[in-house]
Amino acid sequence: MQLNSSVSAAVPQNTSPRLVLAMLLLVYVFNFVDRQILSILAGPIQADLRLDDAQMGMLGGLAFAILYSTLGVPLAWVADRTSRSWVITGSLVVWSVFTSACAMATGFWHIFLARLGVGVGEAGGVAPSYAVIGDHFPSERRAFALSVYSLGIPLGSAAGVMAGGYVAQAVDWRTAFLIVGLCGILIAPLFKLVVKDKPRPVSAPTVRFAEVFATLARKRAFWFLSFGAASSSMLGYGVAFWLPSLLQRSFHLTLVETSWFFGAVLLLGGTVGVLTGGALADRLGKGDRAWYGRVPAIGFVLAVPLYAGGIWTTSVPVAFVLFLIPQVLAYFWLGPVTGAIQHLVDPPARATASALFLLINNLIGLGGGIYALGALSKALAPVWGAESLRYSMLFALVLYLLAALLMTLAGPGLRREWVAEPASISA
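Keep in mind it's a predicted model, so treat the numbers as computed, not measured. (Residues numbered from 1 in each chain as written. Predicted model: local features only at pLDDT ≥ 70, side-chain atom pairs only at ≥ 80, totals over all residues. Heavy atoms only, no water.)

1. Looking at the overall build of the protein chain
Each helix and strand in the protein chain was counted, giving 20 helices and zero strands. Referenced to the eigenvectors of the C-alpha coordinate spread, the extents of the protein chain come out at roughly 60 × 40 × 35 Å. Within the protein chain, residue pairs in contact and separated by at least 24 positions form 85% of the contacts whose partners lie at least 6 positions apart. One finds the centroid of the 27 positive side-chain charges in the protein chain at a distance of 6 Å from the centroid of its 18 negative side-chain charges. (Helix = DSSP H or I, 4+ residues; strand = E, 2+ residues; numbered from the N terminus. Contact = heavy atoms within 4.5 Å. Lys, Arg positive; Asp, Glu negative; His and termini not counted. Charge placed at Lys NZ, Arg CZ, Asp CG, Glu CD.)

2. Describing unusual backbone geometry
You will see that Arg-50, though not glycine, has its phi angle at about 60°, which is positive. Residue position: Arg-50 is located in the loop between α2 (42-49) and α3 (53-60). Residue Arg-50 is classed as exposed on the basis of its relative accessible area, which comes to 75%. Even without glycine at this site, His-252 takes up a positive phi of about 60°. With respect to the helices and strands, the residue His-252 is situated in the loop between α12 (220-249) and α13 (255-284). With relative accessibility at 63%, the residue His-252 sits in the exposed group. (Buried < 20%, exposed > 50% of the residue type's maximum accessible area, 1.4 Å probe, protein only.)

3. Points about empty space enclosed by the protein
Considering all chains together, one arrives at five cavities of 30 Å³ or more under this definition. Size it by volume and the largest cavity reaches roughly 390 Å³. Ile-153, Gly-236, Tyr-237, Tyr-331 and Trp-333 are the residues nearest the centre of the largest cavity, which is lined by 32 residues in total. Every element with two or more residues in the lining of the largest cavity is listed here: α1 (17-40), α7 (126-136), α9 (152-170), α12, α13, α14 (291-312), α15 (316-330) and α17 (350-384). The element contributing the most residues to the lining of the largest cavity is α12, with seven residues. The volume enclosed by the second largest cavity comes to roughly 100 Å³. Lining the second largest cavity, in full, are Phe-32, Arg-35, Gln-36, Ser-39, Gly-60, Phe-64, Arg-115, Tyr-237, Ala-240, Phe-241, Leu-366 and Ile-370. Going through the elements one at a time, α1, α12 and α17 are the ones with two or more residues in the lining of the second largest cavity. (1 Å grid on protein atoms, 1.4 Å probe; cavity = no way out; pocket = protein on both sides within 12 Å on 5 of 7 lines; lining within 4 Å. Points joined across faces, edges and corners; volume = space filled by probe spheres on them.)

4. What about helix α8 (residues 139-150)?
For α8, built from twelve residues, the straight-helix expectation of 16 Å at 1.5 Å per residue is met to within 8% by its first-to-last C-alpha distance of 17 Å. For α8, the buried fraction is high: nine of the twelve residues fall into the buried class. Residues of α8 that are buried: Ser-139, Arg-142, Ala-143, Ala-145, Leu-146, Ser-147, Val-148, Tyr-149 and Ser-150. (Expected span 1.5 Å × (residues − 1).)

5. Digging into α3
Note on helix geometry: an α-helix contains 3.6 residues per turn, so any two residues three or four positions apart are oriented the same way. Counting buried residues in α3 gives six out of eight residues, a clear majority hidden from the surface. Along α3, the residues that are buried comprise Asp-53, Ala-54, Met-56, Gly-57, Leu-59 and Gly-60. Buried residues in α3 make contact with α1, α2, α4 (62-81), α6 (108-122), α12 and α17. The N-terminus of α3 is capped by Asp-52, whose side-chain oxygen sits 2.8 Å from the backbone nitrogen of Gln-55. (Polar contact = N/O pair within 3.5 Å; in protein donor to acceptor, adjacent residues only side chain to side chain.)

6. A closer look at the nonpolar core
The biggest cluster of nonpolar side chains holds 138 residues, and the ones touching the most others in it are Leu-41, Ile-45, Met-56 and Phe-177. A total of 16 residues in this core trace back to one element, the largest contributor, which is α12. Aside from chain neighbours lying at most four places away, what touches Ile-45 is Leu-38, Arg-50, Leu-51, Met-56, Ile-111, Trp-173 and Phe-177. (Core = buried A, V, L, I, M, F, W, Y, C linked by side-chain atoms within 4.5 Å.)

7. Re the pattern of salt bridges
Oppositely charged side chains may form a pair once their charged atoms are brought near each other. Scanning the model with the defined rule gives nine salt bridges in all. Asp-80 is the partner of Arg-84 in a salt bridge, and the nearest nitrogen-oxygen pair spans 2.6 Å. For the residue pair Arg-84 and Asp-80, the accessibility class agrees, reading buried in each case. Across the pair Arg-415 and Asp-288 runs a salt bridge whose closest N-O atoms are separated by 2.8 Å. You can see Arg-415 sitting in helix α20 (residues 411-417) and its partner Asp-288 sitting in the loop between α13 and α14, a full 127 residues away along the chain. (Salt bridge = Lys/Arg side-chain N within 4 Å of Asp/Glu carboxyl O.)

8. Regarding the environment of Leu-193
Here Leu-193 shows up in helix α10 (residues 173-194). Considering only alpha carbons, one finds Leu-193 and Thr-89, 104 residues apart in sequence, at a separation of 10.0 Å.

9. What about the state of the cysteines?
Taken as a whole and assessed by the stated rule, the structure comprises zero disulfides. Between Cys-102, a free cysteine, and Cys-183, which holds the nearest cysteine sulfur, the sulfur-to-sulfur gap is 15 Å. For Cys-102, a relative accessible area of 0% translates into the label buried. (Disulfide = S-S within 2.5 Å.)

10. Some remarks on the packing of α1 against α10
Close contact between α1 and α10 brings their axes to 10 Å; oriented N to C, the two are set at 165°. With respect to each other, α1 and α10 are oriented roughly antiparallel. The hand of the α1/α10 crossing is left-handed. Judged by residue contacts, Leu-19, Met-23, Leu-24, Leu-26, Val-27, Phe-30, Val-33, Asp-34, Ile-37 and Leu-38 of α1 engage Ala-176, Phe-177, Val-180, Cys-183, Gly-184, Ile-187, Leu-190, Phe-191 and Val-194 from α10. Residue composition of the contact of α1 with α10, by class: 17 nonpolar, one polar and one charged. (Axes fitted to C-alpha atoms, helices over the stretch in contact; angles between N-to-C directions. Parallel < 35°, antiparallel > 145°, perpendicular 65-115°, else oblique. Left-handed = near helix turned anticlockwise from the far one by under 90°. Nonpolar A, V, L, I, M, F, W, Y, C, P; charged D, E, K, R; others polar.)

11. Focus: the confidence of the model for the protein chain
Overall, the prediction assigns the protein chain a mean pLDDT of 84, with 93% of residues at 70 or greater. Low pLDDT, under 50, characterises residues 1-13; the stretch is placed with 31 contacts to residues that sit more than four places away or in other chains. Counting contacts from residues 423-427, a segment whose pLDDT is below 50, to residues more than four positions away or on other chains yields 15 contacts. (pLDDT = per-residue confidence, 0-100.)

12. Structural notes on the packing of aromatic side chains
One pass over the structure, following the stated rule, counts 20 aromatic pairs. Aromatic pair Phe-241 and Trp-242: ring centres 5.0 Å apart, planes at 80°, arrangement edge-to-face. Classification of Phe-241 as buried rests on a relative accessible area of 3%. Overall, the relative accessible area of 0% leaves Trp-242 in the buried class. Considering the side-chain rings of Tyr-307 and Tyr-400, the 6.1 Å spacing of their centres and the 35° angle between planes classify their relative orientation as tilted. Of this pair, Tyr-307 sits in helix α14 while Tyr-400 sits in helix α19 (residues 398-409), placing them 93 residues apart in sequence. What makes Tyr-307 buried here is its relative accessible area of 3%. Taking relative accessible area as the criterion, Tyr-400 reaches 4% and is therefore assigned buried. Over the ring of Trp-291 we find Arg-294; its NZ or CZ atom is 5.0 Å from the centre of that ring. (Phe/Tyr/Trp six-rings, centres within 6.5 Å; stacked < 30°, edge-to-face > 60°. Lys NZ or Arg CZ within 6 Å of the ring centre and 35° of its normal.)

Rendered as C-alpha cells:
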C-alpha cells in the first residue's frame, strides 16, 4: 500500500503554529538539560561514586542511548496511529521522573538504571515533535522551523551546563538532578493544554511500520543522511560530554568557570549554527535539493581544523574562540537533515520515518561516541596521563570528515527521492 500524500494539512484555527513550535521547543530544552547536566557534573559524580572515564562514558552514552534509540521507533509508530501530543507529554513526565531518580544514586549500577529510564522517556519526545512541526509548517519553511525547534539542543545544553555547575557548587550534584526533574514534571500539563493534535480525516490510511521501513530502505538519501548524521554525532556528543572534563583537567578551570566557558560556547555557537544551517538549506534547496546534504558537509569540513586548534592550544581565550566557531559549523546539519527526512515519506509516516533516522543516529552517535572517547582516553592514560582526553578528542576529528563525505553522497538521492506535497499548510 502506498501511503496517501493527500491527507489534509488543515490545522485547527485556534492553534497558532508558532505557539505550538514554542511549546515543542520548551520541552526539547528540558530534553537536553536532562542529558547535558551529566557532563558538567561528571567530576563530582566520579569523585562521589568512584567511577572511571569508561564507566562515565557508559552513563553518558550507552546507558541513555540503548533504550532511547530502540524504543523511539515503536513510540513514534504509536504516535502516528494515536496522539502525538499525548505521547510527547507522557514521555516528558517519564524522563523527568527518572532524572530526579539520578539524585538517589549510590553506585554505578543505580545511576546506570536511572539513566536507562531517562532514555525510555526521551525516546517518545523527538520524532513525534518532528511530525507535529511537519503538520504545521509548509515545505518551503520546514527546515527553518525544525532549526528553531533544534535550538532546544544548544539552549538546553547551555542551561544544563550553567545551572548544573552553579547548583553543584552551591549545594551538590544530587540537588541539581532533583530540581531539573521536578521542573520537567511541572511543565507537562501546560504542554498538553497548548499543543493539540491535527485533525485526521476518516479516510486517512493506517501507518504500517513495515511499509514505512520498506519505503525508506529503497532510498539511498535516507541511508547516507542517517549514517552521515551518526558519524557526526559520535564526535558531537563525545565533545559535548567530555569537553567540560577536558577544561578542568587540561586547562585547570574550576567547575563554575567550566560551566561559563562551555555554556557560552553551546549557547552562542549552537544557536547561530542551527538557525544558519536551516535558513541556508531552505534558500539553496529551492534550486537543488542536494544542498540539504551539502550545507552540513561544508560545515563539517571547515570545523575540523578549528576544533583541532582548540583542543591543542593551552590558552583559555584562544580555546574559547577556536571552540566557538566550529560549534557554529557543526550545528549546520540539524535543520537541513531533519527537514529532508520529512520529505522522504508521505505526511502520515513522518514520526515513524524520523524515529528510524534517530535510531541510527543515536544508537551509533550517542551510544558509541561518548563511550568511545572515554574508553580511548582510558587506554591512552598510561602514555599521556592527564592529557589523554585531549588526544582522544583530537583523533576522533576524522569522524567529521567521514560525515561530510556521506552528506555529499546523499545529494543525487535527494534530487530523485524527494516526496512533493500539497502546499496547503500555512503558518
